[in-house]
Amino acid sequence: MFKNYLKIALRNFKRHKGYTFLNIAGFAIGMACCLIFFLYVRHETGFDTYHKDVERIYRIAQDIRTSTSNRFFAPVSPMVGPTLKADYPQIEQTARLLTRGSRLVRRAEIVFYEDRFMYADNELFEIFTIPFIQGSPQNALSRPQTLVISETMAQKYFSGENPLGKTLEINSKEYEITGVAIDSPKNTHLKYDLIASLETLNDWSEMSNWYSTMFFTYLKVKPNVNMEEFSQQISHVADKYVGERLATSGTTYFYFLQHVPSIHLYSNIGYDVEPSGNPLYVKIFSLVGLFILLIAGLNFMNLATARAANRSKEVGLRKVVGAQRLQLIGQFLGESILMAILSLGLALVLARFMISLLNNLIGLTLNFADLLRPDILVVLLGGACLVGVLAGLYPAFVLSSFKPAITLKGVLSGGSRNIGLRTVLVVVQFTISVFLIIGTLSMYKQYDYMRSQNLGFEKEQKLILPLRGGIDVEKSFETVKDIFSNHSSVSGVTVSSSIPGRKFSSFSIRLVGEEDAKNQDMFHLHFDTDFVPNYGIEMVEGRSFMKEMKTDFMGAFLINEAAVKAFGWTSPEDALGKRLQTGYGGRINPIIGVTKNFHFRGLQTEVEPLVMEFLPWSFNYLTLSMDITHIKETMTFVESQWKILFPENPFESFFLDMDFNRQYKADEQAGSIFSIFTLLGLVIACLGLFGLASFMAESRTREIGIRKVLGASTSGLVVMLSKQFIKWVILANGVAWPIAYIFIDRWLKNFAYRSNIGIGIFIFSGVVTLFIALLTISFQSIKAAASSPVEALKYE
């Protein structure tokens with residue numbers, strides 16, 4: 001019986017090649033999209049799940065609370081880890097980790113900047129699963145000045161040699177290599193290249209500072225610990241040691257646990273190891289994948305029911321010779337499942353090419369090989385069969401319900417009895433398509449808004465030279481500035497601790513001499529006297545730092561308007577002359593000026609309070625304001641001067657505007673993915689519409705012939721054949737618009753600064769879908785309208 005059904009299915013596929021192609025192509029594209037979204041969602045939700053005993057691994061983070069603010073930090077004091085281990089028997093192990101950003105790494109003539117350098121306790125390897133290729137994780141970091149490197153670093157600096165026992169020079173300090181670990185997987189929040197022993201920093205004063213927020217602290221609890229109770233117990237661990245001093249300053253340290261697998265998607269707190277993912281996009285892409293598969297499934301249902309009349313006599317004959325309805329349902333479901341399995345094969349081929357394209361064009365890191373794992377293939381095959389059953393269930397019941405006495409007389413006509421169903425299916429397909437188009441256009445409008453918005457400072461034509469790898473300009477920054485200024489294309493040079501778009505330091509800040517100190521944490525930026533004019537930052541009250549005012553050097557503060565509001569002053573004038581103190585027992589200086597708010601972070605967040613000082617010891621960046629008319633000549637000059645000033649450090653540079661826009665990369669990446677798959681969803685819908693138009697034109701062949709004999713024009717017949725589809729598309733727009741508006745409005749609430757939705761996007765999407773629908777059906781409509789009535793009526 002199965003062999004017979006298979007033979008009949010293959011004959012039907014061969015006899016109706018166009019129908020088969022449309023269904024398999026639509027199914028395959030829909031499945032390929034789903035496979036890619038499956039990989040994306042699996043990647044995003046699978047971070048750090050590979051560690052042994054991962055259900056017992058947590059990170060402790062901190063909420064610094066004051067009377068006026070809450071500030072969340074992923075890193076905490078270096079005292080937290082050892083204190084927890086000593087005071088709480090529920091903890092099996094703790095490990096601290098200190099990221100230090102970029103370091104200049106040297107071995108003989110091989111010199112590179114490396115961004116993933118960190119210090120860590122040796123216990124890190126007891127908590128996390130980090131397999132070693134060489135060396136032992138038991139004692140790799142047990143001594144100062146020891147180092148574990150990744151496999152890539154070993155190849156980069158030692159090129160096939162055994163690196164154990166050899167040394168690397170990192171920022172002019174020698175480190176002995178005691179281990180080589182595998183490269184960090186892509187699906188971990190803790191990506192490493194060079195891990196140095198934290199024992200190296202034992203003499204550093206910060207190692208005993210309860211007020212520091214620099215160390216990521218991980219812990220592994222013992223089995224069967226009640227995590228809810230344990231979280232409450234450790235939430236105020238600092239109170240026992242510094243609680244009295246914290247109370248005096250009006251500050252509370254609240255600690256909380258983060259389950260390590262949740263960090264990538266759900267952490268989203270300050271100063272994390274790596275940028276967090278966005279759970280909203282995971283949900284959106286899961287929904288889009290289901291929508292596209294739904295469009296493909298609706299295509300199948302629509303075309304199958306439209307072809308009902310063509311198979312009605314087959315059904316009638318089978319029933320006459322004894323076929324039962326369940327057997328017919330089984331046959332038609334079998335055809336549907338077979339088509340789904342064939343589509344899955346084609347979908348895997350399409351997915352292979354689409355993944356390569358997306359990885360190259362958008363920067364994704366999806367791996368096609370993940371789809372070929374036996375367990376995944378079994379799931380995919382089962383999923384394809386399920387899709388085949390769901391898509392073929394209704395057509396199977398419709399076809400098997402035909403009565404032989406009626407079908408053998410040829411009474412059924414082209415699926416006209418199912419016109420209501422087809423209306424619903426086409427409207428649903430195009431509703432989804434319109435929704436996706438509106439979503440794509442709204443995303444691009446928001447990204448364009450963020451890129452073009454006035455940031456409150458000038459970011460164009462700013463060349464940035466990072467001062468890293470041990471470069472110290474504390475005493476020579478004015479000389480360095482003068483040297484780079486000695487070119488006609490360079491209009492200004494300034495130095496700073498950070499630049500807009502990069503990480504800013506955050507310190508405790510409090511009012512001095514006031515009844516309410518209003519202690520809180522604020523972002524800090526340190527720069528010289530030329531920063532404000534070179535960046536075009538507007539002063540709303542007071543003045544900026546001046547060379548002539550020697551007291552400005554480490555002796556004055558600037559704040560922004562957001563800080564004025566945070567301190568509760570009614571106007572910027574009220575801030576002038578007030579004294580602030582940084583940290584606990586730090587500098588006490590007056591406020592000499594208030595700047596207009598400027599966006600030192602992306603427009604996803606509001607402008608936060610910022611305190612600015614003139615502190616040369618913290619300068620990390622040179623900014624050159626330059627005319628890019630003769631960019632090649634200017635860059636040659638800049639590089640030559642760098643090599644004279646810093647011969648031991650490789651030259652590197654970037655432009656501020658491009659670097660600042662990196663903050664929007666994840667959102668723009670999401671928009672690109674959304675647009676690509678919107679286009680594919682529209683293609684699937686159009687394939688179905690094309691097939692439906694051809695079948696409807698075929699079913700009305702005699703009607704068209706009679707109308708032509710009676711004098712109907714070709715243009716009139718084209719309109720007649722097209723207007724039904726036009727009504728469907730217009731109805732789909734009417735359904736999609738309010739749904740899309742609600743969705744886009746909620747999505748835009750994730751941005752502190754957002755564009756208006758506007759009616760233009762909705763009108764444009766409606767015109768686009770109408771145009772595409774007309775273009776799709778016009779070929780069949782014109783072909784049918786232009787056909788000879790003789791051919792249509794010669795058998796009548």
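Shown above is the structure to which this text applies.
An account of the accompanying structure is given in this report. Since the model is a prediction, treat every value here as computed from it, not as a measurement.

Next up on the list: the environment of Tyr19. Topologically, Tyr19 is positioned in helix 2 (residues 17-45). Along the primary structure Tyr19 and Gly716 are separated by 697 residues, whereas in three dimensions their C-alpha atoms are 27 Å apart.

If you want to describe how two helices pack, look at the angle between their axes and the distance between the axes. Where helix 2 meets helix 11 (residues 325-362), the closest approach of the two axes is 7 Å, and the angle between their N-to-C directions is 50°. Relative to helix 11, the element helix 2 lies oblique. As helix 2 runs across helix 11, the sense of the crossing is right-handed. Considering only residue class, the contact of helix 2 with helix 11 consists of 23 nonpolar, two polar and no charged.

Below, the discussion takes up the pairing of strand 11 (residues 194-197). When strand 6 (residues 117-120) meets strand 11, the two strands line up parallel, connected through four bridges. Looking at the pairing, Met118 lines up with Ile195 of strand 11. The pairing of strand 8 (residues 146-150) with strand 11 spans three bridges and is antiparallel. Residue pairing across strands places Leu147 opposite Ala196, the latter belonging to strand 11.

You can see Asp48 is positioned in the loop between helix 2 and strand 1 (57-65). By relative accessible area, which is 0% here, Asp48 ends up buried. Residues Asp48 and His189 lie 141 residues apart in sequence; the distance between their C-alpha atoms is 7.1 Å. There is a polar contact of 3.2 Å between the side chain of Asp48 and the side chain of His51.

Turning to the sheet that holds strand 24 (residues 654-655), a few remarks are in order. Adjacent strands of a sheet pair through backbone hydrogen bonds, lying either parallel or antiparallel. Overall, antiparallel pairing links the four strands, which are arranged 15-23-14-24 in an open sheet. The open sheet has two free edges, formed respectively by strand 15 (490-496) and strand 24, since each of these has just one partner strand. As paired strands, strand 14 (residues 462-466) and strand 23 (residues 621-626) are joined by five bridges and run antiparallel to one another. Across the sheet, Ile464 pairs through a bridge with Thr623, a residue of strand 23. Strand contacts of helix 18 (residues 631-645): strand 14, strand 15, strand 23 and strand 24, with the helix running at about 20° to strand 14, the strand carrying the most contacts.

Here the focus is helix 15 (residues 477-485). Of the positions making up helix 15, those classed as buried are Phe477, Val480, Lys481 and Phe484. Seen along its axis, helix 15 keeps its buried residues to an arc of 100°; they face one direction. Buried-residue contacts for helix 15 involve strand 14, strand 15, strand 23 and helix 18.

Let's shift gears to the packing of helix 15 against helix 18. Helix 18 packs onto helix 15 with a crossing angle of 150° between their chain directions and a minimal axis gap of 10 Å. Of the possible angle classes, the one that applies to helix 15 and helix 18 is roughly antiparallel. Relative to helix 18, helix 15 is oriented so that their crossing is right-handed. Across from Val480, Ile483 and Phe484 in helix 15, the residues of helix 18 making contact are Phe637, Val638, Gln641, Trp642 and Leu645.

The final tally for this structure, using the stated rule, is 31 salt bridges. Between Glu176 and Arg143 there is a salt bridge, and its shortest N-O distance comes to 3.2 Å. In this pair, Glu176 sits in strand 10 (residues 173-181) while Arg143 sits in the loop between strand 7 (132-135) and strand 8, placing the two residues 33 residues apart along the sequence. For Glu176, a relative accessible area of 27% gives the class partly exposed.

Here we take up the packing of aromatic side chains. Summed over all chains, the structure comprises 40 aromatic pairs. Taken together, a centroid distance of 5.1 Å and an interplanar angle of 80° make the contact between Phe117 and Tyr119 edge-to-face. What makes Phe117 buried here is its relative accessible area of 1%. Taking the centre distance of 5.8 Å and the plane angle of 85° together, the rings of Phe291 and Phe435 count as edge-to-face. Taken as a pair, Phe291 in helix 9 (residues 279-306) and Phe435 in helix 14 (residues 419-452) lie far apart in primary sequence, 144 residues in all. Classification of Phe291 by relative accessible area gives partly exposed; the value is 21%. By relative accessible area, Phe435 is classed as buried at 9%. The residue whose ring lies beneath Arg65 is Phe254, and the NZ or CZ to ring-centre distance is 4.2 Å. Sitting over the ring of Phe523, Arg71 keeps its end group 4.6 Å from the ring centre.

Moving on, we get to the side chain of His51. You can see His51 is positioned in the loop between helix 2 and strand 1. Look at His51 and you get buried, because its relative accessible area is 5%. Engagement of the side chain of His51 in a polar contact is seen with the backbone nitrogen of Thr129, the distance being 3.0 Å. Once residues within four sequence positions are removed from consideration, His51 is found in contact with Ile57, Phe128, Thr129 and Thr188.

Let's shift gears to the nonpolar core. The nonpolar side chains of soluble globular proteins are, as a tendency, buried together. Counting 134 residues, the largest nonpolar core has Tyr281, Leu371 and Phe677 as the members making the most contacts within it. Not counting chain neighbours up to four residues away, the residues in contact with Leu371 comprise Leu35, Phe38, Leu39, Leu348, Ala351, Ile355, Ile376, Leu377 and Leu380.

To continue, consider the side chain of His189. Here His189 lies in the loop between strand 10 and strand 11. Using a relative accessible area of 4% as the deciding quantity, one classes His189 as buried. At 2.8 Å, the side chain of His189 and the side chain of Asp48 are in polar contact. Side chain to side chain, His189 and Tyr218 meet in a polar contact 2.8 Å long. For His189, the contacting residues outside a window of four places in its chain are Phe47, Asp48, Arg59, Tyr218, Val260, Ile263, Val273 and Glu274.

Parameters and conventions
Starting afresh in each chain, residues are numbered from 1 along the sequence in its written order. For this predicted model, a pLDDT threshold of at least 70 governs which residues receive local features, and a threshold of 80 or more governs which side-chain atom pairs are given and counted, while totals over whole chains, interfaces and linings are taken from all residues. Excluded from the side-chain calculation are hydrogens and water; included are all heavy atoms of the structure. Helix and strand assignments come from DSSP, with helices taken as H or I runs of at least 4 residues and strands as E runs of at least 2, each series counted from the N terminus. Axes, fitted as lines to C-alpha atoms, cover a helix only where it is in contact. Angles between the N-to-C directions of the axes lie from 0 to 180 degrees. In this scheme, roughly parallel covers angles under 35 degrees and roughly antiparallel covers those over 145, while 65 to 115 is roughly perpendicular and the rest are oblique. Take the far helix as your reference; a near helix turned counterclockwise from it by less than a right angle gives a left-handed crossing, and one turned clockwise gives a right-handed crossing. Residue polarity is assigned by list, with Asp, Glu, Lys and Arg as charged and Ala, Val, Leu, Ile, Met, Phe, Trp, Tyr, Cys and Pro as nonpolar; anything else, Gly included, falls into the polar class. Any two strands between which DSSP finds at least two bridges are classified as paired. Burial classes follow relative accessibility: with a 1.4 Å probe on protein chains only, a residue under 20% of its type's maximum area counts as buried, one over 50% as exposed, and anything between as partly exposed. Pairs of N or O atoms are called polar contacts if they sit within 3.5 Å, as long as, within protein, a hydrogen donor faces a hydrogen acceptor (for residues adjacent in sequence, only side-chain-to-side-chain pairs). What makes two residues a contact is simply this: any of their non-hydrogen atoms within 4.5 Å. Working definition: the arc comes from the directions between the helix axis and the C-beta atoms, pointing outward to the latter. Salt bridges are defined by distance alone: a side-chain nitrogen of Lys or Arg within 4 Å of a carboxyl oxygen of Asp or Glu. To pair, rings of Phe, Tyr and Trp, with the six-membered ring standing in for Trp, must have centres within 6.5 Å; the planes then decide the type, stacked if under 30 degrees apart, edge-to-face if over 60, and tilted in the middle. We count a charge as sitting over a ring when the NZ of a lysine or the CZ of an arginine lies within 6 Å of the ring centre and within 35 degrees of the ring normal. We call a set of buried Ala, Val, Leu, Ile, Met, Phe, Trp, Tyr and Cys residues a nonpolar core when their side-chain atoms join them within 4.5 Å.

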